[in-house]
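# Overview (structure and organization)
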Amino acid sequence: MIKHLIIKEFLQIRRNSFMPKIIFIFPIMVMCVMPWVMNQEVKNIRVDVVDNDHTTQSQQLLHRIEASNYFIFNSQKATYQEAMKDIETSRADIILEIRDGRYLIAANAVNGTKGSIGSAYLTHLLSPEGENGSPSKLSAPSPRGEMGWGSLFLYNKHQDYKVFMIPALMGILMMMLCGFLPALNIVGEKEKGTIEQINVTPVSKWSFILAKLIPYWIIGLVVLTLCLVLSWLVYGITCQGPLLLVYLLAILLALFFSSFGLIVSNYSDTMQQAMLVMWFFVVCLMLLSGLFTPVRSMPYWAYLTTYINPMHYFADAIRTVFVRGGGLQAIAHQVAALLCIASVMAVWAVQSYKKNS
């Protein structure tokens, strides 16, 4: 019987004029557009220079700023006060004043992220190791045998932010497809009254729930495969670890969000109500998971929420597999946590569904 119910769900999805478009066009748009947009790397920092030295070294510094991919040489001012007018009118982001071989960096801190990171970039450019304009790396020994110092990036050597964001986008897509769509599907049937026809049939509770969720699990795995292919074709980024672990993590995340969506639909009477409740929890889970910012930068009370946040475990585990090439042993803790949380939600989802016989 469950086979025929699953076929019925797929037929409903196919006959819906909007659902197939959102299922396939939305992931393609997310994978092709969002990695370029969701980028916290700061570029196009406009710099005003006040050169009081007019030496060869200061001119070389100006050329390094012009050649950098991160800065835009805005103008050269005669005095600091003239450059400050550009800051006050938002025509410049940073002032670099050169006097007696010393440097003064003044940043517009209205945009705190751009000001602080831009100042750090410019400080690096002024240092001896930044003369070639490239990212820091372990420097060679000096002629006197002294070792230089710098940074050596192991897993993302070019500091490409897309490598960091693509695994997170996969989790967001699984959350949307396997959480939102089943919840809205069930609530939609409530509004139409068709779910009451199912409730008075001999179809068991488990059969009905699995028939509602399995199609979206299959769709989620197909979309995940599409995301992996697009990541390789568009960005040249491939998974460094076993692909089976990526699918395992996706299945556990899909189990959690489909169960959560079912719980929301069981307690909701209208599609609008289900949408608002789902959106409230989904936004909180995303922002507190470490998908975009490190969780250690949160206040301690907010950091404690990561212990019950499945998106945190998923993001940590999939980046370990996708970026670092870790194996099952490296993510055993995250897999166990995801399995426990998803199991609790699945039991709650089944218990909360009321079927009238």
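Residues numbered from 1 in each chain as written. Predicted model: local features only at pLDDT ≥ 70, side-chain atom pairs only at ≥ 80, totals over all residues. Heavy atoms only, no water.

### Comments concerning the nonpolar core
Where we set the bar: Throughout this description, the term nonpolar core refers to a set of buried Ala, Val, Leu, Ile, Met, Phe, Trp, Tyr and Cys residues connected via side-chain atoms within 4.5 Å. With a 1.4 Å probe rolled over the protein chains alone, any residue whose accessible area is under 20% of its type maximum counts as buried; one over 50% counts as exposed, and the rest are partly exposed. A run of DSSP states H or I qualifies as a helix once it reaches four residues; a run of E qualifies as a strand once it reaches two. Both are numbered from the N-terminal end. The contact definition used throughout considers only heavy atoms, calling two residues in contact when any of these lie within 4.5 Å.
One finds Met170, Leu249, Phe257, Leu291 and Phe322 to be the most contacted residues of the largest nonpolar core, which totals 83 residues. The element best represented in this core is helix H6 (residues 161-192), accounting for 19 residues. Contact partners of Leu249, with chain neighbours within four places excluded, come to Phe314, Ala317, Ile318, Ile331, Val335 and Leu338. Leu61, Ile65, Ile94 and Leu96 belong to the second largest nonpolar core, which has 14 residues in total.

### Considerations on the pairing of strand S1 (residues 45-51)
Regular strands have side chains that alternate between both faces of the sheet. In plain terms, the rule: Two strands pair if DSSP finds at least two bridges between them. Whether a crossover is right-handed comes down to one check: with the strands pointing away from the viewer, does the path from the first strand over the helix to the second run clockwise; if it does, it is right-handed.
The element S1 is largely enclosed, with a buried count of 6 among its 7 residues. Bridge count for S1 against strand S2 (residues 71-77) is 6 bridges, and the pairing is parallel. Across the sheet, Ile45 pairs through a bridge with Phe71, a residue of S2. Regarding topology, helix H3 (residues 56-67) serves as the crossover connection from S1 to the parallel S2, and that connection is right-handed. In terms of strand pairing, S1 meets strand S3 (residues 94-99) through 5 bridges, oriented parallel. Across the sheet, Asp51 pairs through a bridge with Ile98, a residue of S3.

### What to know about the sheet that holds S3
Here is the rule: For every element, the axis is a line fit to its C-alpha atoms; helices are fit only across the contacting stretch, and the angle between N-to-C directions ranges from 0 to 180 degrees.
If you walk across this open sheet you meet the 4 strands as S2-S1-S3-S4, and the pairing is mixed. Here the strands that pair on one side only, and so sit at the sheet edges, are S2 and strand S4 (102-107). Sheet twist, expressed as the average angle between the axes of neighbouring strands with direction ignored, equals 25°. Where helix H4 (residues 80-88) meets the sheet, it contacts S1, S2, S3 and S4, and its direction lies at approximately 170° from that of S3.

### Brief notes about the packing of aromatic side chains
Stated formally: Aromatic pairing here means that ring centres of Phe, Tyr or Trp (its six-membered ring) are within 6.5 Å. Orientation follows from the plane angle: under 30 degrees is stacked, over 60 is edge-to-face, and everything else is tilted.
By the definition in use, this model includes 8 aromatic pairs. Both rings, one in Trp36 and one in Tyr235, keep their centres 5.7 Å apart while their planes meet at 50°; by these two values the pair is tilted. Residue Trp36 is found in helix H2 (residues 19-37), and its partner Tyr235 is found in helix H8 (residues 205-235); the two are separated by 199 residues along the sequence. Judged by relative accessible area, which is 14%, Tyr235 ranks as buried. Ring geometry for Tyr303 and Tyr307: centres 5.8 Å apart, planes at 75°, overall edge-to-face. Taking relative accessible area as the criterion, Tyr303 reaches 12% and is therefore assigned buried.

### Notes on the side chain of Ser258
Our working rule: Between N or O atoms, a polar contact is any pair within 3.5 Å; within protein, one atom must be a potential hydrogen donor and the other a potential acceptor, and residues adjacent in sequence are included only when both atoms are from side chains.
With respect to the secondary-structure elements, Ser258 resides in helix H9 (residues 243-266). From its side chain, Ser258 meets the backbone oxygen of Leu255 in a polar contact 3.1 Å long. Those residues in contact with Ser258 that lie beyond four places of it in its chain are Cys178, Gly179, Leu213 and Trp217.

### Details of the pattern of salt bridges
Spelled out, the test is: Just to be clear on terms, a salt bridge is a Lys or Arg side-chain nitrogen sitting within 4 Å of an Asp or Glu carboxyl oxygen.
For the structure on display, the rule yields 7 salt bridges. Lys77 is paired through a salt bridge with Asp86; the nearest N and O atoms lie 3.4 Å apart. On the basis of relative accessibility, which here comes to 3%, the residue Asp86 falls in the buried class. For Asp86, the salt bridge is made with Arg91, and the minimal N-O distance between the two is 2.9 Å. Overall, the relative accessible area of 46% leaves Arg91 in the partly exposed class. Here the salt bridges do not stand alone but share partners, grouping Lys8, Glu9 and Lys212 into one network.

### A word on helix H13 (residues 332-352)
Put simply, the rule is: To estimate the expected span of a helix, count its residues, drop one, and scale the result by 1.5 Å.
In this model H13 runs 30 Å from its N-terminal to its C-terminal C-alpha over 21 residues, within 8% of the 30 Å that 1.5 Å per residue would give. Of the positions making up H13, those classed as buried are Gln334, Val335, Ala337, Leu338, Ile341, Ala342, Met345, Ala349, Val350 and Ser352. Close packing links the buried residues of H13 with H8, H9 and helix H12 (310-322).

Structural measurements only, silent on function.
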